[in-house]
Amino acid sequence: MKRPLFAFILMAAAGWFAIAASAPADESSGTIVVTAVEIRTAEGGNLIVALCRNRERWLDVDRAFLKKVVPVKSDSMTVTFESVPHDSTYAVAVIHDKNGNGKLDMRKFPYPRPKEGSGVSNNTFRFGPPAYDKARFALAGASVSLRVVMRY
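Residues numbered from 1 in each chain as written. Predicted model: local features only at pLDDT ≥ 70, side-chain atom pairs only at ≥ 80, totals over all residues. Heavy atoms only, no water.

## A look at the overall build of the chain
Spelled out, the test is: For the purposes of this entry, the term helix denotes a DSSP run of H or I that reaches at least four residues, the term strand denotes a run of E that reaches at least two, and both are numbered from the N terminus. Two residues qualify as a contact provided that any one of their heavy atoms is within 4.5 Å of a heavy atom in the partner residue. The Shrake-Rupley method, run with a 1.4 Å probe, gives the accessible areas here. Residue values count only the displayed protein chains as cover.
Counting secondary structure elements, the chain contains two helices and 10 strands. Ordered by position in the sequence, the α and β elements of the chain form the string α-β-β-β-β-β-β-β-β-α-β-β. Of the contacts formed within the chain by residues at least 6 apart in sequence, a portion of 70% connects residues at least 24 apart. Here the chain has roughly 9700 Å² of accessible surface; of this, 57% comes from carbon and sulfur atoms.

As structure tokens, this is what we get:
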């Protein structure tokens, strides 16, 4: 009596796992793949990749929606953000944090400019901080791939 019940339970569990494995992916979220290129590997340090959702937190890596820190190992590195909600537009900032202090260090003289490498989505560049509106993009499908050129 116990064997048929045990076999039934095993078969039911196997069927449930098969259904769960074939369930569609969450359509309300997607993946953002960021590839930073032209990294100066000889300078060592970490790459900070910050995903921002709004203008108020733009360029503040400590308040970013999502952030990843990875050691610099090559002149081209890829970081992936998974399960990112579709409900917003985003912008990406990448910092080559050479000294490991977790922020973009700036020169003060003769005018403020970064001491470390940096780049943003859409490779927008201007004199002064990059604008959120120029760097933003939408995540509407399953994934978005971005190529960010580092500037030193």
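## Details of the side chain of aspartate 97
Worth spelling out the cut-off: Each residue is placed in one exposure class: buried if its accessible area under a 1.4 Å probe, protein chains only, is under 20% of its type's maximum, exposed if it is over 50%, and partly exposed if it falls in between. All tallies of charge rest on Lys and Arg as positive and Asp and Glu as negative; His and the ends of each chain are not included. One side-chain nitrogen of Lys or Arg within 4 Å of one carboxyl oxygen of Asp or Glu is enough to make a salt bridge. What qualifies as a polar contact is a pair of N or O atoms within 3.5 Å, subject to a donor-acceptor requirement within protein and to the restriction that residues adjacent in sequence count only when both atoms come from side chains.
Mapped onto the elements, aspartate 97 comes out in strand β5 (residues 89–97). As a buried residue without a salt bridge, aspartate 97 has its nearest oppositely charged side chain in lysine 67, at a separation of 8.6 Å. Among the polar contacts made by the side chain of aspartate 97, one reaches the main-chain amide nitrogen of asparagine 101 at a distance of 3.2 Å.

## Re a positive patch on the surface
Heads up, the rule is: The patch calculation keeps residues exceeding 30% relative accessible area without a salt bridge and links them within 9 Å when they carry like charges or within 5 Å when they are nonpolar (Val, Leu, Ile, Met, Phe, Trp, Tyr). To locate a charge, take NZ of a lysine, CZ of an arginine, CG of an aspartate or CD of a glutamate.
Positive charge collects at one region of the surface, where Lys103, Arg107, Lys108, Arg113 and Lys115 lie side by side. Topologically, arginine 107 is positioned in strand β6 (residues 106–107). Overall, arginine 107 belongs to the partly exposed group, its relative accessible area being 32%.

## Remarks on the environment of glycine 119
Relative to the helices and strands, glycine 119 is located in strand β8 (residues 118–120). For glycine 119, a relative accessible area of 10% translates into the label buried.

## Describing the pairing of β5
In regular strands, side chains alternate between the two faces of the sheet. Put simply, the rule reads: Should DSSP find at least two bridges between two strands, the strands are taken to pair.
Judged by how many residues are buried, β5 sits mostly within the fold: eight of nine residues are covered. Bridge count between strand β2 (residues 46–52) and β5: seven bridges; the pairing is antiparallel. Paired with isoleucine 48 across the two strands is isoleucine 95, which belongs to β5. With two bridges joining them, β5 and strand β9 (residues 137–138) adopt antiparallel strand pairing. Each bridged residue has a counterpart across the sheet, and for threonine 89 the counterpart in β9 is alanine 138. Where β5 meets β8, three bridges bridge the pair, whose relative direction is antiparallel. Bridged to valine 94 within β8 is glycine 119.

## Side note on the sheet that holds strand β4 (residues 76–85)
Our working definition: Axes, fitted as lines to C-alpha atoms, cover a helix only where it is in contact. Angles between the N-to-C directions of the axes lie from 0 to 180 degrees.
Strand order in the open sheet formed by three strands is β4-β1-β10, and the pairing between neighbours is mixed. Strand pairing shows two members of the sheet lacking a second neighbour, β4 and β10 (143–149), which therefore form its edges. Neighbour-to-neighbour, the strand axes of this sheet turn through a mean angle of 20 degrees, independent of strand direction.

## Details of the packing of aromatic side chains
Applied cut-off: Geometry of aromatic contacts follows a simple scheme: Phe, Tyr and Trp rings, the Trp one being its six-membered ring, pair when their centres are within 6.5 Å, and the pair is stacked under 30 degrees between planes, edge-to-face over 60, tilted otherwise. Any Lys NZ or Arg CZ found within 6 Å of a ring centre and within 35 degrees of that ring's normal is scored as a charge over the ring.
For the structure on display, the rule yields three aromatic pairs. A ring pair is formed by tryptophan 58 and tyrosine 132, whose centres lie 5.8 Å apart and whose planes are at 70 degrees; its orientation type is edge-to-face. Of this pair, tryptophan 58 sits in the loop between β2 and β3 (66–71) while tyrosine 132 sits in helix α2 (residues 132–135), placing them 74 residues apart in sequence. Tyrosine 132 sits in the buried class, given a relative accessible area of 6%. With 6.5 Å between their ring centres and 40 degrees between their planes, tyrosine 90 and phenylalanine 137 make a pair best called tilted. Pair noted here: tyrosine 90 is in strand β5 and phenylalanine 137 is in strand β9, with a separation of 47 residues, a long-range link. The same class applies to tyrosine 90 and to phenylalanine 137, which are both buried. An aromatic cluster is defined as three or more aromatic residues linked by ring pairs; in this entry it consists of Phe65, Tyr90 and Phe137. A cation over an aromatic ring shows up here: arginine 53 above the ring of phenylalanine 65, its NZ or CZ 4.3 Å from the ring centre. If you follow arginine 151 out to its NZ or CZ, it ends over the ring of phenylalanine 125, 3.9 Å from the centre.

Read these as geometric descriptors, not functional statements.
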